[in-house]
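Structural features, examined
So the chains spell out like this:
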Amino acid sequence: MKQIQYHQYGGPEVMKFEDFELRVPGKGEVAVKVKFAAVNPIDWKVRNGALKMVTGKKFPRALGSDFSGIVMAIGPGVTRFKVSDAVFGSAHIKDAGALAEAVIAPEGFLAKKPDSISFEDAACLGTPGITAWNGLVDKAGLRGPKQVFINGCTGAVGASAVQLARMFGATVSGSCSAEQMRRAEHMGVVHAYDYRITDLSEMRERFDVVYDTVGTMTVAMGLGLLRPEGVFLDNDPTPLKFIRAIFNKKLKPIICTARADILDGLARAAGEGRLSLPVAEVTPLKDAIRLLTALEKGLKLNGKAIVSMS
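All values reported here derive from a predicted model rather than from experimental measurement.

A word on the overall build of the chain. Counting its regular elements, the chain contains ten helices and 16 strands. Computed over the C-alpha atoms, the radius of gyration of the chain is 19 Å, within 12% of the 19 Å expected from 2.2 N^0.38 for a compact globule of 310 residues. With respect to the principal axes defined by its C-alpha atoms, the chain has extents near 55 × 40 × 40 Å. When the 310 residues of the chain are sorted by exposure, 52% land in the buried category. Counting every atom, the chain has about 14200 Å² of accessible surface; 54% of that belongs to carbon and sulfur. Of the side-chain charges in the chain, 40 are positive and 32 negative, and the distance between the mean point of each set is 3 Å.

General note: in soluble globular proteins, nonpolar side chains tend to be found buried as a group. Phe88, Leu136, Leu142, Ile150, Leu164, Tyr211 and Leu266 are the most contacted members of the largest nonpolar core, which totals 49 residues. Not counting residues within four places of it along the chain, the set of residues in contact with Leu164 comprises Gly129, Ala132, Trp133, Leu136, Leu266, Ala269 and Leu275.

A word on the side chain of Ser160. Mapped onto the secondary structure, Ser160 falls in helix 5 (residues 156-167). A distance of 2.8 Å separates the side chain of Ser160 from the backbone oxygen of Ala156, its partner in a polar contact. When residues no more than four places from it in sequence are discounted, the contact partners of Ser160 are Pro128, Gly129, Ala132, Gly155, Leu275 and Leu277.

This next bit is on helix 10 (residues 288-296). An α-helix turns once every 3.6 residues. As a result, residues three or four positions apart point the same way. Along helix 10, the positions that sit buried rather than exposed are Ala288, Leu291, Leu292, Thr293 and Leu295. Directly after helix 10, the chain includes Gly298, whose backbone phi takes a positive value near 120 degrees.

Before going further, it helps to examine the packing of helix 4 (residues 126-139) against helix 5. Between helix 4 and helix 5, the shortest axis-to-axis distance is 8 Å and the interhelical angle comes to 55 degrees. Classified by the angle their axes make, helix 4 and helix 5 are oblique. Here the hand of the crossing between helix 4 and helix 5 comes out right-handed. Across the interface between the two elements, Pro128, Gly129, Thr131, Ala132, Trp133 and Leu136 of helix 4 pack against Ala156, Val157, Ser160, Ala161, Leu164 and Ala165 of helix 5. Of the residues that constitute the contact of helix 4 with helix 5, the class distribution is nine nonpolar, three polar and no charged.

Let's shift gears to the packing of aromatic side chains. Between two aromatic rings, the relevant description is the distance of the centres plus the angle of the planes. What the rule picks out here adds up to six aromatic pairs. Ring plane angle 50 degrees and centroid distance 6.2 Å describe the contact between Tyr6 and Tyr9, whose orientation is recorded as tilted. Across the pair, exposure class does not vary: Tyr6 and Tyr9 are buried alike. Among the residues examined, Tyr6 registers a relative accessible area of 0% and is labelled buried. Ring-pair connections join several aromatic residues into one group, and the members of that group are Tyr6, Tyr9 and Phe59. A cation over a ring is seen here: Lys2 above Phe17, with NZ or CZ 5.4 Å from the ring centre.

It is worth spelling out the pattern of salt bridges at this point. This structure, assessed with the given rule, holds 14 salt bridges. Note that Glu29 and Arg23 form a salt bridge whose closest N and O atoms lie 2.7 Å from each other. The exposure class of Arg23 is partly exposed, given its relative accessible area of 41%. Of the charged contacts, one joins Lys286 and Asp287 as a salt bridge, the two residues approaching to 3.4 Å between their closest N and O atoms. Classification of Lys286 by relative accessible area gives exposed; the value is 57%. Residue Asp287 is classed as partly exposed on the basis of its relative accessible area of 30%. Several salt bridges share partner residues, and in doing so they unite Asp138, Arg259 and Asp261 into one network.

Below, the discussion takes up the sheet that holds strand 1 (residues 2-6). On the basis of which strands lie adjacent, the open sheet formed by three strands has the order 2-1-4 and antiparallel pairing. Unpaired on one side and paired on the other, strand 2 (15-19) and strand 4 (61-62) mark the two borders of the sheet. Pairing of strand 1 with strand 4, which is carried by two bridges, proceeds in the antiparallel orientation. Each residue of the ladder has a partner; that of Gln5, found in strand 4, is Ala62.

Cut-offs used in this document
Residues numbered from 1 in each chain as written. Predicted model: local features only at pLDDT ≥ 70, side-chain atom pairs only at ≥ 80, totals over all residues. Heavy atoms only, no water. Helix = DSSP H or I, 4+ residues; strand = E, 2+ residues; numbered from the N terminus. Rg over C-alpha atoms; globule rule 2.2 N^0.38 Å. Buried < 20%, exposed > 50% of the residue type's maximum accessible area, 1.4 Å probe, protein only. Areas by Shrake-Rupley, 256 points an atom, 1.4 Å probe, with all protein chains shown as cover. Lys, Arg positive; Asp, Glu negative; His and termini not counted. Charge placed at Lys NZ, Arg CZ, Asp CG, Glu CD. Core = buried A, V, L, I, M, F, W, Y, C linked by side-chain atoms within 4.5 Å. Contact = heavy atoms within 4.5 Å. Polar contact = N/O pair within 3.5 Å; in protein donor to acceptor, adjacent residues only side chain to side chain. Axes fitted to C-alpha atoms, helices over the stretch in contact; angles between N-to-C directions. Parallel < 35°, antiparallel > 145°, perpendicular 65-115°, else oblique. Left-handed = near helix turned anticlockwise from the far one by under 90°. Nonpolar A, V, L, I, M, F, W, Y, C, P; charged D, E, K, R; others polar. Phe/Tyr/Trp six-rings, centres within 6.5 Å; stacked < 30°, edge-to-face > 60°. Lys NZ or Arg CZ within 6 Å of the ring centre and 35° of its normal. Salt bridge = Lys/Arg side-chain N within 4 Å of Asp/Glu carboxyl O. Pairing = 2+ DSSP bridges.

In structure tokens form, the structure reads like this:
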């Protein structure tokens, strides 16, 4: 089989399109024949070595996190899936491997693909949807008619957060570029602000939840937009922020953490037409290094970039 992999941490130049042999799935693991993989910034952050304390020093390392496909085999103890099930989800960050013809993933990092959505659309849901859920549900406990502000409301995590917040009954405001205002309004953002000309620190409105999905807000700014019982969800976690969060319960640094109930919740939302992310570009696996390099160097797309294995 083929995959994108690398033999040392580094920049785009370390990526190779090479043969590999898929291992047998272990306890609680599922082997999936990948149809589509979605590209996320975390992919090159891992490859650059930003998380090597987690990912380790064993090479070659595979690349990619989010995917959709068909179950090829299951490991001991797997009960939620069987061979031939259509699934979507994420690989474990320590193993990665979605940018490949096949991948191994933990059972709890997968959900069955709803019949009503395509494999292309399903591949986009994993990391953005999980991260949005981690913040809104796990950290903020969002339920009912709350006021939510989402910084970066048309990015992948931001758009997922908008749709999930509205599904849970919230009224959503947010920031984005002027070019994306219409899309934000179409998703149900009631007040969309152009981030280029809006000073968020001068806003008078206050919110129950502020979610910085793009990591451009200071902690002081996020906390300043809160109502008395509000929480600030910060998608740019650092050790200092975790220490600060110990003393200020309104600050909630977010780390993308997959669970079966989250993936199943995303599947239900997508199947009901409440959650979707636009696909902007589809590239075959053999050309994926070019696309990954361009995105890492700043290419902007109006939607997700995905890689096809067929």
